[in-house]
Amino acid sequence: MYGAPSHVAQGREIPDTMLAMERREKHLQHDLQSLLDAQAEGLMAGLGGEVPDDLASNGSSTPTAQSIRSSRVVPVRQPVQKKIGLRGARRGIWRAIRELAEIKAEEAAMLQEDMDHNHMVLSQIEGWEKKREGLDKQIEDIRDNEDAFRAQSLKHEVGSLQNEIDEMELRLSEMRTCHRLITAELSAIENSVQSKLSSYTASLSLLDSQEQSFLARPPVQSSKSPTTSSSFLSLPPKRRTLYMAKDHWTAENAALQKRREKTEIELEALQEGAVLWKDVVHEVTDFEKRLQESMRTAPSPEELLSQMGQTITQLESKLKLAETRNWKLLVCCIGAELEVFRQGREILESTLSSGRDAGGTQEQAESSPDSPESPEDSRSGGSDIHELDAAFDNEYP
């Protein structure tokens, strides 16, 4: 009647899946660091004039949480991983962020399962407390009611009458009659009191037995996440109390609630961050496509500066949003992309300035009869622009 529910398994052991998820999360964070390094290396290689080997890898050569789940066997000799290119690093960063979001969603679901289990245990404990209070009150009411006091008074009266019988032989008949009536009333009242007490006492004894069984083998679930450290479970069963059990599960549930709220906040941030990073990559790749298309028509440096300025403005706004939300991962990623664009703009401005200076020198040479002129010298400014175009092609192949 008061036993633990059948679906509450006592002493069961459940695999620590939360620990596995934490390992997956740490592994993904390690992968993100590797991808950030690959991204920085690709960006710096493009800035220095080297062509990043995007065809070497698309970001999938780096182990991910999905590949870890599919196979945990690590070969003795592993092949040398291919170098991750800039585009592969960008795609890998986006994929890793999405997998981190999936892990956080699984963690939130597991924490909710632990909370539901604790709510069930607390409900059982509170039910026992209410039943105990009701039984104690009933027993106290029976002991303090008028019948109990009446029975005590009649006991004293029986004693007094028995003494008077010896002294008053003339009143013996009346006294014996009164004695029989009072004795019968006393017996009936005592039987009634004992009958009521025995029922509630038996219920109280059964409740004590159920509580002791619960304290000896509490329905402790093998937690999927470390929450609170309690001395309740470390105590010997004889020293445990129901109040200690209530405090233990209340504290554990509060810790689970706090961690679940933190997990939901992190999940929301990861989901929003994935969308923001996808927009950043879209802005960068759109500029790269426009740049590649415009290179075929030999665009003017002013046009390139205008396009680059628009892209830099978009990246700066997204970087500011990431800094406002304190998304350190995206601040690092977007900052790296923005720095490359800024350095590229400086190179383009410097080249444009050099071209103008060379044009002025050429005009002076044309006005001097002693200076021979060749067709190649008249196209020196165009040669610098083509070198800058080649540098952009190396940076955004």
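Residues numbered from 1 in each chain as written. Predicted model: local features only at pLDDT ≥ 70, side-chain atom pairs only at ≥ 80, totals over all residues. Heavy atoms only, no water.

Draft legend 1. Focus on the UniProt feature "coiled-coil region" (unreviewed entry) in the protein. In this structure's numbering, the residues bearing the UniProt feature "coiled-coil region" (unreviewed entry) are residues 125-171 and 246-273. A helix fraction of 100% and a strand fraction of 0% characterise residues 246-273, whose end C-alpha atoms lie 40 Å from each other. (UniProt positions renumbered as here; feature names shortened; annotations may be inferred. Helix = DSSP H or I, 4+ residues; strand = E, 2+ residues; numbered from the N terminus.)

Draft legend 2. Molecular detail of the pattern of salt bridges. Enumeration according to the criterion identifies 15 salt bridges in this entry. Taking the shortest distance from any N to any O, the salt bridge between E266 and K104 comes out at 2.7 Å. Of this pair, E266 sits in helix α6 (residues 242-295) while K104 sits in helix α3 (residues 86-144), placing them 162 residues apart in sequence. Here K104 falls in the buried class, since its relative accessible area comes to 7%. For E107, the salt bridge goes to R259, with nearest N and O atoms at 3.2 Å. Placement of E107 in helix α3 and of R259 in helix α6 is noted, with a sequence separation of 152 residues between them. Taking relative accessible area as the criterion, E107 reaches 4% and is therefore assigned buried. Look at the salt bridges and you will find they share partners, linking E22, E25, K104, E107, R259 and E266 into a network. (Salt bridge = Lys/Arg side-chain N within 4 Å of Asp/Glu carboxyl O. Buried < 20%, exposed > 50% of the residue type's maximum accessible area, 1.4 Å probe, protein only.)

Draft legend 3. Broad picture of the packing of aromatic side chains. Counted by the stated rule, this structure contains four aromatic pairs. Taking 5.5 Å as the distance between ring centres and 80° as the angle between the ring planes, the aromatic pair formed by W128 and F214 counts as edge-to-face. Of this pair, W128 sits in helix α3 while F214 sits in helix α5 (residues 172-216); the two residues are 86 residues apart in sequence, bridging distant segments of the chain. No difference in accessibility class separates W128 from F214, as the two residues are buried. Centre to centre, the rings of F232 and W249 are 5.9 Å apart; their planes meet at 65°, and the pair counts as edge-to-face. With F232 in the loop between α5 and α6 and W249 in helix α6, the pair connects residues that are 17 residues apart, well separated along the chain. Among the aromatic residues, those joined into a cluster by ring pairs are W128, F214, F232 and W249. The ring of F232 has R240 sitting right over it, with the charged end atom 5.5 Å from the ring centre. (Phe/Tyr/Trp six-rings, centres within 6.5 Å; stacked < 30°, edge-to-face > 60°. Lys NZ or Arg CZ within 6 Å of the ring centre and 35° of its normal.)

Draft legend 4. Spotlight on the side chain of E25. The topology assignment puts E25 in helix α1 (residues 17-48). If near-sequence neighbours (up to four positions away) are discounted, E25 is found in contact with L100, I103 and K104. (Contact = heavy atoms within 4.5 Å.)

Draft legend 5. Quick peek at the nonpolar core. Ranked by internal contacts, the top residues of the largest apolar core, which has 45 residues, are I93, W277, L330, I334 and F341. Residue assignment for this core shows that the elements contributing at least two residues are α1, α3, α6, α7 (301-324) and α8 (328-367). The element that contributes the greatest number of residues to this core is α6, accounting for twelve residues. Residue contacts for W277: discarding those within four places in its chain leaves Q39, R90, I93, W94, L330, C333, I334 and E337. (Core = buried A, V, L, I, M, F, W, Y, C linked by side-chain atoms within 4.5 Å.)

Draft legend 6. How the structure looks around the packing of α5 against α6. In the contact formed by α5 and α6, the axes pass within 10 Å of each other and the chain directions differ by 45°. Relative to α6, the element α5 is oriented oblique. Considering how the two elements wind past one another, α5 and α6 form a crossing that is left-handed. Together, E211, F214 and L215 of α5 and L242, A245 and W249 of α6 make up the contact between the two elements. For the contact of α5 with α6, the per-class residue count stands at five nonpolar, no polar and one charged. (Axes fitted to C-alpha atoms, helices over the stretch in contact; angles between N-to-C directions. Parallel < 35°, antiparallel > 145°, perpendicular 65-115°, else oblique. Left-handed = near helix turned anticlockwise from the far one by under 90°. Nonpolar A, V, L, I, M, F, W, Y, C, P; charged D, E, K, R; others polar.)

Draft legend 7. Representation of the environment of E99. Relative to the helices and strands, E99 resides in helix α3. For E99, a relative accessible area of 8% translates into the label buried. Taking C-alpha positions, E99 is 8.0 Å from L28, a pair spaced 71 residues apart along the chain.

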